[in-house]
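# Analysis of the macromolecular model
The primary structure of each chain is shown beneath.
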Amino acid sequence: MDAMLALAAKHLEADSAWIIGIDEFKNIHIYHQFEKHTLASQQANQDWIKLLNERLCNRSDTSSLTGTIRLSTDQTDSSYIAAPLWLGEKRFGFLCFTVPHHTKPNFPLQLCSFVDLLAAGFSQILLQIHQQQALQDLALTDALTGLPNRRAAELRLTEEIARIAREEGVLTISICDLDRFKLINDHYGHKTGDLVLKRAANTLQQQMRDGDWIARWGGEEFLIFLHHADSQQAYQAIDRIRHIYQQTPFISENGTLELTLSAGMSSASADKIDLTRLLADADSALYEAKNAGRNRVILHQSGQRATLWHAGEIQIALKNEQIIPAFQPIVDLQSGQPVAEEALARLINDRGELTPANEFIVAAEGLQLIHLIDDTIARQTMAHCVRNQNTSNNPAFAHFVNLSPQFLSRPEMVNRLLEGVKHHCTMCNTPVNGIKPLVFEITERQFINDFDQLSRQLQPLLDMGFRLALDDFGSGYSSFLYLAKLPISFLKIEGWMVGNMRGNNKILNIIQAIIEISRKQHIITIAENIEDAETAELLGKMGVNWGQGYYFGRPECVTHSNHEN
């Protein structure tokens, strides 16, 4: 448009030309300008633009307007020709050309018609630009809250990094999460949940300082960029927002809801900014805030405990196939023979060492990456199962694999698992529609409030012939509801009870009750964490079917069995 404006100015022998926008608040925006002499644009000021705009607005005619105007007090009069610009039926502003009055006191009709035609052309171009911008804004805006969405935030963060690099400043971000938001959705419905999200967005936005901005990061998470703030200044700002949010109860048709939020923060100087790591640090700090009891702000520190894994590190490990299964034997307590094994996740670090699951699995759950770990372990275990079936004389040997609620809630991942089963079953003698040697474990530690939904998620696996094991029984929230609601084939007695049962009659009685109930339901019991012969013998006499623990063998990776696991 600048080139077109310059050509038009040359044709009109104009000293200056402008495309000027006037918004609904009468704010002036010079979008394009041409200057034959530098002085012309330097002398332009808002007073004559407002005056010219009023002259155009006061006319019923939409064609061009000519006249004289003084651009500044120290300049002689200029002749002008101006025509309104439109975005459809809405006024955008005007197109204006000026020449010294003594050079061209009047514009002939032919030039006026040319400017009218030119204004129509510019209006059409501006309308197309506006429509394209509106579509782009729609793609970068969260429909519910009106905030920039995750894609928009990522683009803007890239711009902020470039600016901070020039200024040699500090980049500080925070990821905030509404506490127990899922319970609000479950108990009061998504309509109330949406209102809570809108209120949260509005509350957070009202507390932004000059230069700060906020985006909806996903679900009930918001990302906040803190302008010109080091980590401590930013911490104070976010903690102030947390207090204000907590002190502003949400009034709904169901009553008053007391709301809180948790926040994780990370900061880096210009010479050390790695956006992926910065976001992962903030995400990890948010996980720590949640894990520490919620309703708090945690600033990521470089020396945080070793179990604090970064989302980026786990994602890289998944991409590079550095998360593999280690198989721990499960034996029949009566015969002492191996009857099954459990696949436990291990992460190979950069030094080739194996990291046990307890150092990254809990963090993966908090970082919403556990379903990806389930997927890769299940796929590798299927391949291992095929090799075992083709080389073993025991086709009933079972392979236990853990599946999280996050995995089961994703139909596409369950379907991919089923397709993998069909593919692998063609490689061994196990019938596709028969009982499979794979057993999927669900943990009793996970809070489940909708067993009907869980049953629907599990049904495709059950239809394919898989069996279910209930892990950590006696440790969580739902206890016997799992046995009543789900077709459990194996029950794994929680390791803490096994490790503390000797000499403790209460625990012994609880374990005995579990054994009796399981026997009546034709459920195979498995005791976890058996570490000595005495415990194994006692459990066998009590009637526990199978056992698992270091006494029978440590987890071993098929391709990394030389590592200590």
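This text follows the structure it describes.
Structural notes, computed from the coordinates.

Cut-offs applied
Residues numbered from 1 in each chain as written. Predicted model: local features only at pLDDT ≥ 70, side-chain atom pairs only at ≥ 80, totals over all residues. Heavy atoms only, no water. Buried < 20%, exposed > 50% of the residue type's maximum accessible area, 1.4 Å probe, protein only. Helix = DSSP H or I, 4+ residues; strand = E, 2+ residues; numbered from the N terminus. Pairing = 2+ DSSP bridges. Contact = heavy atoms within 4.5 Å. Axes fitted to C-alpha atoms, helices over the stretch in contact; angles between N-to-C directions. Expected span 1.5 Å × (residues − 1). Nonpolar A, V, L, I, M, F, W, Y, C, P; charged D, E, K, R; others polar. Phe/Tyr/Trp six-rings, centres within 6.5 Å; stacked < 30°, edge-to-face > 60°. Lys NZ or Arg CZ within 6 Å of the ring centre and 35° of its normal. Salt bridge = Lys/Arg side-chain N within 4 Å of Asp/Glu carboxyl O.

## Details of the pairing of strand β4 (residues 78–87)
The buried count for β4 comes to nine of ten residues, which makes it a mostly enclosed element. In this antiparallel pair of consecutive strands, β4 and strand β5 (residues 90–100), the connection spans two residues, and Gly88 shows a positive phi of 70°.

## Remarks on the side chain of Ser64
Considering the arrangement of structural elements, one finds Ser64 in the loop between α3 (46–57) and β3 (65–69). Look past the residues within four positions of Ser64 in its chain and what remains in contact with it is Arg59, Ile81, Ala82, Ala83, Cys112, Val115 and Asp116.

## What to know about unusual backbone geometry
The backbone of Arg294 sits at a positive phi, close to 70°, despite the residue not being glycine. Of note, His522 is a non-glycine position whose phi angle comes to about 60°, a positive value. Looking at the secondary structure, you find His522 in the loop between α18 (505–520) and β20 (524–527). In this structure His522 comes out as exposed when scored by relative accessible area, which is 71%.

## Observations regarding the environment of Leu183
Relative to the helices and strands, Leu183 is located in helix α6 (residues 181–188). The class of Leu183 is partly exposed, set by a relative accessible area of 34%. Placed ten residues apart in sequence, Leu183 and Gly193 show a C-alpha to C-alpha distance of 9.3 Å.

## Regarding the sheet that holds strand β2 (residues 28–35)
Taken in spatial order, the five strands line up as β2-β1-β5-β4-β3 in an open sheet, and their pairing is antiparallel. Either end of the sheet is taken by a strand with one partner, and the two such strands are β2 and β3. When strand polarity is set aside, the average angle formed by the axes of neighbouring strands in this sheet is 25°. Direction of pairing for strand β1 (residues 16–22) relative to β2: antiparallel, over a ladder of seven bridges. If you follow Gly21 over to β2, its bridge partner there is His29. Relative to β2, helix α1 (residues 2–12) is tilted by about 55°, and along the sheet it contacts β1, β2 and β5. Those strands touched by α3 are β1, β2, β3, β4 and β5, and its axis lies near 115° from that of β5.

## Some details on helix α7 (residues 190–206)
Compared with an ideal rise of 1.5 Å per residue, which puts 17 residues at 24 Å, α7 spans 24 Å between its outermost C-alpha atoms and is within 8% of the ideal. Of all the positions in α7, only Thr192, Gly193, Val196, Leu197, Arg199, Ala200, Ala201, Thr203 and Leu204 are classed as buried.

## Some words on the packing of α6 against α7
In contact at an axis separation of 7 Å, α6 and α7 are set at 140° when each is read in the N-to-C sense. Judged by residue contacts, Phe181, Ile184, Asn185 and Tyr188 of α6 engage His190, Thr192, Gly193, Val196 and Leu197 from α7. Taken together, the residues of the contact of α6 with α7 sort by class into five nonpolar, four polar and no charged.

## Some details on the packing of aromatic side chains
Using the criterion set out here, one finds seven aromatic pairs in the structure. Between the aromatic rings of Tyr551 and Phe552, the centroid separation amounts to 5.0 Å while the plane-to-plane angle is 70°, which identifies the pairing as edge-to-face. Put simply, the rings of Phe400, Phe490 and Trp546 pair up and form one aromatic cluster. The cationic tip of Lys492 hangs over the ring face of Phe400; the distance from NZ or CZ to the ring centre is 5.5 Å. In this structure, Arg554 is placed above the aromatic ring of Tyr550, and the distance from its NZ or CZ to the ring centre is 4.0 Å.

## A short note on the pattern of salt bridges
All chains considered together, the criterion is met by 17 salt bridges. Of the charged contacts, one joins Arg163 and Glu160 as a salt bridge, the two residues approaching to 2.8 Å between their closest N and O atoms. Pair noted here: Arg163 and Glu160 are both in helix α5 (residues 150–167), with a separation of three residues, about one helical turn. Given the relative accessible area of 15%, Arg163 is considered buried. A salt bridge links Asp239 to Arg242; its shortest N-O distance comes to 2.9 Å. Here Arg242 and Asp239 lie together in helix α8 (residues 231–246), a separation of three residues that amounts to about one turn. What makes Arg242 buried here is its relative accessible area of 9%. The network of salt bridges with shared partners includes Glu342, Glu441, Lys492 and Glu528.

That's the geometry; what it means functionally is another story.
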